[in-house]
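# Architecture at a glance
Okay, here's what each chain looks like letter by letter:
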Amino acid sequence: MALCNHSSLKASPVYFPRISPHQPSFSLPRLPCVVRCCSISQPLKTLAIDPSPVVESLTTFAPATVANLGPAFDILGCAVDGIGDKITLRVDPDVTPGHITISNISGAGKKLSLNPFYNCAGIAAISVIKMLGVRSVGLSMSLEKGLPLGSGLGSSAASAAAAAVAVNEIFGRKLSEADLILAGLESEAKVSGYHADNIAPAIAGGFVLVRSYNPLELIPLKFPADKNLFFVLVSPEFEAPTKKMRAVLPTEVSMKDLAANCSQVAALVKAVIEGDVKLLGSAMSLDVVVEPRRIVLIPGMAAVKRAALEAGAFGCTISGAGPTAVAVTDDEGAGLEIGAHMVEAFWKEGNLKATATVRRLDREGARVCSTGSN
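A short tour of the structure in this document, coming up.

Calculation rules
Residues numbered from 1 in each chain as written. Predicted model: local features only at pLDDT ≥ 70, side-chain atom pairs only at ≥ 80, totals over all residues. Heavy atoms only, no water. Phe/Tyr/Trp six-rings, centres within 6.5 Å; stacked < 30°, edge-to-face > 60°. Helix = DSSP H or I, 4+ residues; strand = E, 2+ residues; numbered from the N terminus. Buried < 20%, exposed > 50% of the residue type's maximum accessible area, 1.4 Å probe, protein only. Pairing = 2+ DSSP bridges. Axes fitted to C-alpha atoms, helices over the stretch in contact; angles between N-to-C directions. Parallel < 35°, antiparallel > 145°, perpendicular 65-115°, else oblique. Left-handed = near helix turned anticlockwise from the far one by under 90°. Contact = heavy atoms within 4.5 Å. Nonpolar A, V, L, I, M, F, W, Y, C, P; charged D, E, K, R; others polar. Core = buried A, V, L, I, M, F, W, Y, C linked by side-chain atoms within 4.5 Å.

### Here we look at the packing of aromatic side chains
Under the criterion given, the structure shown has two aromatic pairs. Aromatic side chains Tyr 194 and Tyr 213 sit 6.0 Å apart centroid to centroid with 55° between the ring planes, which places their arrangement in the tilted category. Here the residue Tyr 194 occupies a position in the loop between α3 (177–191) and α4 (199–204), and Tyr 213 occupies one in strand β6 (residues 207–213), the gap between them amounting to 19 residues. Tyr 194 sits in the buried class, given a relative accessible area of 19%.

Quick look at the structure:
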């Protein structure tokens, strides 16, 4: 049973007054109350007072995401369908009221900590618990990792998004998507850095533009429903931790490079709104700031990009921090062929085994998959 009618970011920009990574403060004008989130070491003010659970258990899913899309570093991301993480959450009388435990982690996340304070899903869940003011019941959750760690597909964001939505839903959906993004952003800041281009689309679905971080302002970009867009995702057996890949980035860029990337970001936004996949591919392939620093750290990536373009992809770049390569096309069959050429290039030029999958845009974002009795 899918329950996907939670409030959305589909209509207009969402504004959050001034924020800093160290002591953020958020005000949501569209709500009758104010959310002010301090650093994780300080208590969060609440939006609700100890709500009662409406079901005993549920399972949520949050999709993988592609961030940056080439030149739009930290400011544009989108969700892709069919792959992601699941959280199963239940009311647990053996857990101290107001607390949460992680009972099990399966799939690709067996290296992750079961301590919720050191797990991205746990951090997001704790943030939502604090926002809701939960005191009377304890919760336990299990995490099914469908995304590899350090894959460039928003693995930490998917876990955080699924957890945030799960806690909100089990207490009757008291918080908006904007609130849940704040909780997920707190998790991202602890795990992979203060950036919203994975967590926002993981929760809201579709494309999301981060117009500003201070104050935080998110703008959903609606890709036309009648246009075909396929992502060719090719993941090699190689881990590229986000923190390591961010460490190689320049602290300053030239005016020439700034102008070049700004023009391509503008083209990306136009391409998304108009459903122009050819323009989308062209723009995402022309990053002159971030991709050149990272591409040399992923064996065979330059050859993989060439192979994708030669096979007919409209564009190709590194997904997030990598090592996954992402290409775009408007035809699923062509996508399968492009993916095969990219896998071959990873093996021949990088000596890396890789797998390819072709996915559509996920327009829903994190959602409930099933619920237990109340």
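### Notes on the sheet that holds strand β9 (residues 315–318)
Taken together, the four strands give an open sheet; going across it, the order is β9-β10-β8-β11, and neighbouring strands pair in antiparallel fashion. Edge positions in the open sheet fall to β9 and β11 (354–360), since each of these has one partner strand only. Strand after strand, the sheet turns through a mean of 20° between neighbouring axes, direction not considered. Note that strand β8 (residues 230–236) and strand β10 (residues 325–329) share five bridges and pair antiparallel.

### Looking at unusual backbone geometry
The bulk of non-glycine residues show a negative phi, and the bulk of peptide bonds are trans. The amide bond that connects Asn 214 to the next residue, Pro 215, takes the cis arrangement and shows omega of 5°. As for its position among the elements, Pro 215 is in the loop between β6 and β7 (216–221). Between Gly 322 and the following residue, Pro 323, the backbone shows a cis peptide bond with an omega angle of 10°. Locating Pro 323 in the fold gives a position in the loop between β9 and β10. If you check the backbone angles, Leu 69 has positive phi at about 50° while not being a glycine. Mapping Leu 69 onto the fold places it in the loop between β2 (57–67) and β3 (76–91). By relative accessible area, Leu 69 is classed as buried at 1%.

### What to know about the packing of helix α1 (residues 120–132) against helix α2 (residues 155–170)
It is at 7 Å that the axes of α1 and α2 come closest, and there the two elements cross at 30°. Put simply, α1 runs roughly parallel to α2. The interaxial crossing formed by α1 with α2 has right-handed handedness. Across the interface between the two elements, Cys 120, Ala 121, Ala 124, Ala 125, Val 128, Ile 129 and Leu 132 of α1 pack against Ser 156, Ser 159, Ala 160, Ala 163, Ala 164, Val 167 and Asn 168 of α2. Across the contact of α1 with α2, the residue classes break down as eleven nonpolar, three polar and no charged.

### Considering the packing of α1 against α3
In the contact formed by α1 and α3, the axes pass within 8 Å of each other and the chain directions differ by 140°. In this view, α1 runs oblique relative to α3, as classed from their interaxial angle. Between α1 and α3 lies a crossing whose hand is right-handed. In contact with Cys 120, Ile 123, Ala 124, Ser 127, Val 128 and Met 131 of α1, α3 contributes Asp 179, Leu 180, Leu 182, Ala 183, Gly 184, Glu 186, Ser 187, Lys 190 and Val 191. Grouping the amino acids of the contact of α1 with α3 by side-chain chemistry returns nine nonpolar, three polar and three charged.

### Here we look at the nonpolar core
Counting residues in hydrophobic clusters, the biggest one holds 83 residues, and the most contacted among them are Ile 87, Leu 89, Met 141, Val 167, Phe 207 and Phe 231. For this core, the element with the most residues is α2, which contributes eleven residues. If sequence neighbours within four positions are ignored, Phe 231 has contacts with Cys 78, Val 80, Phe 207, Val 326, Ala 327, Val 328, Thr 357, Val 358, Arg 359, Arg 360 and Leu 361. Membership of the second largest hydrophobic core comes to 24 residues, among which are Ala 240, Met 301, Val 304 and Ile 318.

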